[in-house]
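Below, each chain spelled out in residue letters.
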Amino acid sequence: DVKVTQSSRYLVKRTGEKVFLECVQDMDHENMFWYRQDPGLGLRLIYFSYDVKMKEKGDIPEGYSVSREKKERFSLILESASTNQTSMYLCASSPAGVISGNTIYFGEGSWLTVV
Amino acid sequence: AQSVTQLDSQVPVFEEAPVELRCNYSSSVSVYLFWYVQYPNQGLQLLLKYLSGSTLVKGINGFEAEFNKSQTSFHLRKPSVHISDTAEYFCAVKVVNDMRFGAGTRLTVKP
């Protein structure tokens, strides 16, 4: 089974703090994604990465950055956390190339509260 | 980029009734289409997907969906729902490496 592991399930951070959300996948997938999930808005793509050191902006990249130094790990960084970044953050991975239609697999999610 | 519209934010239905959750997408290129389900306090899991071939796709738990290219739709259906189908359902469209989701439809099955 594919496993996507998010390092923290619940976090509480203060406004202005730098926040790191870590995600690791164990299936050698090329693609990795960060979404945030908010009621009534569904899942919105923040960033995705299709290879090591490669990244693409999604729909809502403002206030976030990402890092992909190793294939299995994709980190989401909030440079200066704000209360409107309180949300559920979901990491996902999928294979790429000729099988790019394949399923993406999600982690359990990280609940971030910024106070 | 591609986009997804789920036409109903909430769908209440009685147990054993049929249900249809509507999804429309926009894209200038060929797409892959997915439905995911999220049960309360759980992660997302795949219900079904359309990659190519037959436009009627069957998934887990008795759900099916039909890809309609001319109407750019991928509606999800179940002929008879159970209380346990109460969940949030997300339609998604994938182009190459980029995957986007709809806002979700909350299905509530009442006894």
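In this report, we go over the structure that sits alongside the text. Counting restarts for each chain: residues are numbered from 1 in the order of the written sequence. Numbering of ligands from 1 and lettering of chains from A proceed in the order in which they are written. Only residues with pLDDT of at least 70 get local features here, since the model is predicted, and only at 80 or more are side-chain atom pairs given and counted; chain-wide, interface and lining totals rely on the full set of residues. Remark: hydrogens and water are excluded; side-chain values derive from all non-hydrogen atoms of the structure.

### A closer look at the pattern of salt bridges
Any carboxyl oxygen of Asp or Glu within 4 Å of a side-chain nitrogen of Lys or Arg constitutes a salt bridge here. For the coordinates displayed, the defined rule picks out 13 salt bridges over all chains. One salt bridge in this structure joins Glu 66 of chain B and Arg 77 of chain B, with 3.6 Å as the shortest N-O distance. You can see Glu 66 of chain B sitting in strand S8 (residues 64–68) and its partner Arg 77 of chain B sitting in strand S9 (residues 73–78), a full eleven residues away along the chain. A single salt-bridge network, built from bridges that share partners, covers Asp 28, Glu 30 and Lys 71 of chain A. A run of H or I in DSSP counts as a helix once it spans at least four residues, and a run of E counts as a strand once it spans at least two, with each numbered from the N terminus.

### Comments concerning the nonpolar core
Ranked by size, the top nonpolar core spans 30 residues in total, and within it Leu 33, Trp 35, Leu 47, Leu 48, Phe 74, Leu 76 and Tyr 89 of chain B carry the most contacts. If you tally residues by element for this core, the top one is strand S10 (residues 87–95) of chain B, at five residues. The definition of a nonpolar core used throughout is a set of buried Ala, Val, Leu, Ile, Met, Phe, Trp, Tyr and Cys residues joined through side-chain atoms within 4.5 Å. Each residue is placed in one exposure class: buried if its accessible area under a 1.4 Å probe, protein chains only, is under 20% of its type's maximum, exposed if it is over 50%, and partly exposed if it falls in between. Formed by 20 residues, the second largest nonpolar core is a distinct cluster that contains Val 19, Leu 21, Cys 23 and Ile 46 of chain A.

### Details of the packing of aromatic side chains
For Phe, Tyr and Trp, where Trp contributes only its six-membered ring, two rings pair if their centres lie within 6.5 Å, and the inter-plane angle classes them as stacked under 30 degrees, edge-to-face over 60, or tilted in between. One pass over the structure, following the stated rule, counts twelve aromatic pairs over all chains. Ring geometry for Tyr 50 of chain B versus Phe 67 of chain B: centroids 4.4 Å apart, planes at 25°, classification stacked. Residue Tyr 50 of chain B is found in strand S6 (residues 44–50), and its partner Phe 67 of chain B is found in strand S8; the two are separated by 17 residues along the sequence. No difference in accessibility class separates Tyr 50 of chain B from Phe 67 of chain B, as the two residues are buried. Three or more aromatic residues joined by ring pairs make a cluster, and in this case those are Phe 33, Tyr 35, Phe 48 and Phe 106 of chain A together with Phe 34, Tyr 36 and Phe 101 of chain B. Cation placement over rings: the criterion is NZ of Lys or CZ of Arg within 6 Å of the ring centroid and within 35° of the ring normal. The ring centre of Phe 14 of chain B lies 5.2 Å from the NZ or CZ of Lys 110 of chain B, which sits over that ring.

### Points about the side chain of Ser 65 of chain A
Tracing the backbone through its elements, the reader meets Ser 65 of chain A in strand S8 (residues 64–70). Within the structure, the side chain of Ser 65 of chain A is placed 3.0 Å from the side chain of Glu 79 of chain A, a separation counted as a polar contact. A 3.5 Å cut-off defines polar contacts: any pair of N or O atoms within that distance qualifies, except that in protein one atom must be a possible hydrogen donor and the other a possible acceptor, and neighbouring residues in sequence count only when both atoms are side-chain atoms.

### Comments concerning the state of the cysteines
Here, a disulfide means two cysteine sulfur atoms that sit within 2.5 Å of each other. Under the defined criterion, the tally for this structure stands at two disulfides over all chains. The disulfide partner of Cys 23 of chain A is Cys 91 of chain A, and the S-S distance across this bridge is 1.9 Å. One quick way to see it: the torsion about the S-S bond of Cys 23 of chain A and Cys 91 of chain A is about -80°, and its sign makes the bridge left-handed. Of this pair, Cys 23 of chain A sits in strand S4 (residues 23–25) while Cys 91 of chain A sits in strand S10 (residues 87–94), placing them 68 residues apart in sequence. Take Cys 91 of chain A: its relative accessible area is 0%, and that puts it in the buried class. Residue Cys 23 of chain B pairs covalently with Cys 91 of chain B via a disulfide, S to S 2.0 Å. Measuring handedness by torsion sign, the sulfur bridge of Cys 23 of chain B and Cys 91 of chain B sits at about -70° and is left-handed. In this pair, Cys 23 of chain B sits in strand S4 (residues 23–26) while Cys 91 of chain B sits in strand S10, placing the two residues 68 residues apart along the sequence.

### Here we look at the interface of chain B and chain A
Interface size is commonly expressed as the accessible surface area that is lost when the partners come together. Here, two residues are considered to be in contact whenever any of their heavy atoms come within 4.5 Å of each other. Each side of the interface is counted separately: chain B has 20 residues, and chain A has 26 residues. Of the roughly 1700 Å² buried at the junction of chain B and chain A (both faces included), carbon and sulfur atoms supply 50%. For chain B, the biggest contributors to the area lost against chain A are Asn 97, Arg 100 and Phe 101 of chain B; these three give 31% of the whole. Remark: the boundary between chain B and chain A carries one salt bridge. When the shortest N-O distance is used, the salt bridge between Asp 59 of chain A and Arg 100 of chain B registers 2.3 Å. Inspection of the region where chain B meets chain A yields six residue pairs in polar contact (both at pLDDT 80 or more). Those elements that provide at least two residues to the side of chain B that touches chain A are strand S5 (32–38), S6, S10 and strand S11 (98–101) of chain B. Asp, Glu, Lys and Arg are counted as charged, while Ala, Val, Leu, Ile, Met, Phe, Trp, Tyr, Cys and Pro are counted as nonpolar; the rest, among them Gly, fall into the polar class. For the side of chain B that touches chain A, a count of residues per class yields eleven nonpolar, five polar and four charged. When two components associate, each loses some accessible surface as probed by a 1.4 Å sphere; the sum of these losses over both components is called the buried area.

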